[in-house]
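Structure assessment
Chain residues, written in single-letter form:
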Amino acid sequence: MARNEVEAAYFTLLRARDEVVALTRYGEVLHDEERRLHRVRTEGAAIAARIDRRLLRALRHTDAALDEAIDARLRVIADERARLPERLAAAEAFVADAESTHAALQRGA
């Protein structure tokens with residue numbers, strides 16, 4: 001086989017492996033972000049519980065908007081996390097295919 005094809009297959013393999021690593025990291029980030037958002041709610045409630053409710057009046061009008069924003073972000077995270085296993089499986093299958101293609105080209109098949 002031409003050296004160009006072997007090199008192209010090798011670089012395809014490298015990109016495919018990078019995609020698997022990127023998707024794995026993305027899953028970790030999604031998990032960390034979900035935990036962070038839950039902490040924001042928990043810590044916010046704990047802080048607010050220590051303050052006289054009359055003094056929180058200026059902040060309370062933003063509670064609903066903040067809760068809606070956190071809920072929306074948590075829904076997106078949940079959706080992404082639900083899709084991630086399929087995306088990761090497809091990326092891993094592509095890596096396996098790229099590895100066999102590269103190996104076959106190296107052997108001259």
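What comes next is a walk through the structure. (Residues numbered from 1 in each chain as written. Predicted model: local features only at pLDDT ≥ 70, side-chain atom pairs only at ≥ 80, totals over all residues. Heavy atoms only, no water.)

Each helix and strand counted, the protein chain has 3 helices and 0 strands in total. Secondary structure elements in the protein chain, listed N-terminal to C-terminal, are α-α-α. Relative to the 2.2 N^0.38 estimate, which gives 13 Å for 109 residues, the radius of gyration of the protein chain is 24 Å and therefore markedly larger than a compact globule would have. Expressed as lengths along the three principal axes of its C-alpha atoms, the size of the protein chain is roughly 80 × 20 × 15 Å. The proportion of buried residues among the 109 residues of the protein chain is 19%. Nonlocal contacts in the protein chain, meaning residues at least 24 apart in sequence, comprise 93% of its contacts between residues at least 6 apart. As displayed, the protein chain has an accessible area near 8,100 Å², and 57% of this comes from carbon and sulfur atoms. Computing the positive centroid from 19 side-chain charges and the negative centroid from 20, the protein chain places the two 7 Å apart. (Helix = DSSP H or I, 4+ residues; strand = E, 2+ residues; numbered from the N terminus. Rg over C-alpha atoms; globule rule 2.2 N^0.38 Å. Buried < 20%, exposed > 50% of the residue type's maximum accessible area, 1.4 Å probe, protein only. Contact = heavy atoms within 4.5 Å. Areas by Shrake-Rupley, 256 points an atom, 1.4 Å probe, with all protein chains shown as cover. Lys, Arg positive; Asp, Glu negative; His and termini not counted. Charge placed at Lys NZ, Arg CZ, Asp CG, Glu CD.)

Turning to the pattern of salt bridges, a few remarks are in order. Evaluation of the coordinates by the stated rule reveals 10 salt bridges. Across the salt bridge formed by Arg35 and Asp32, the nearest N and O atoms sit 3.6 Å from each other. One end of the pair, Arg35, and the other, Asp32, are both in helix H1 (residues 3–49), 3 residues apart, so they sit about a helical turn from each other. A residue is classified by how much of its surface remains accessible, and Arg35, at 44% relative accessible area, is partly exposed. (Salt bridge = Lys/Arg side-chain N within 4 Å of Asp/Glu carboxyl O.)

A word on H1. The end-to-end C-alpha distance of H1, which contains 47 residues, comes to 69 Å, matching closely the 69 Å that a straight helix rising 1.5 Å per residue would cover. Buried residues along H1 sit against helix H3 (63–107). (Expected span 1.5 Å × (residues − 1).)

Before going further, it helps to spend a moment on the nonpolar core. Counting residues in each nonpolar core, the largest one holds 8 residues, listed as Leu13, Ala16, Val20, Leu23, Leu84, Ala91, Val95 and Ala98. Counting only elements with at least two residues in this core, the list comes to H1 and H3. Beyond its immediate stretch of four places on either side in the chain, Leu13 contacts Val95, Ala98, Glu99 and His102. Judged by nonpolar contacts, the second largest core, of 5 residues, contains Leu30, Leu37, Ile70 and Ile77. (Core = buried A, V, L, I, M, F, W, Y, C linked by side-chain atoms within 4.5 Å.)

The next thing to look at is the packing of aromatic side chains. Within the structure shown, the criterion is met by 1 aromatic pair. When the centroid spacing of 5.6 Å and the interplanar angle of 65° are considered together, the rings of Tyr10 and Phe11 count as edge-to-face. A relative accessible area of 37% means that Tyr10 is categorised as partly exposed. Residue class for Phe11 comes out partly exposed when judged on its relative accessible area of 44%. (Phe/Tyr/Trp six-rings, centres within 6.5 Å; stacked < 30°, edge-to-face > 60°.)

The next subject is the environment of Arg83. Locating Arg83 in the fold gives a position in helix H3. Using a relative accessible area of 48% as the deciding quantity, one classes Arg83 as partly exposed. In terms of polar contacts, Arg83 uses its side chain to reach the side chain of Asp79, at 3.0 Å. (Polar contact = N/O pair within 3.5 Å; in protein donor to acceptor, adjacent residues only side chain to side chain.)

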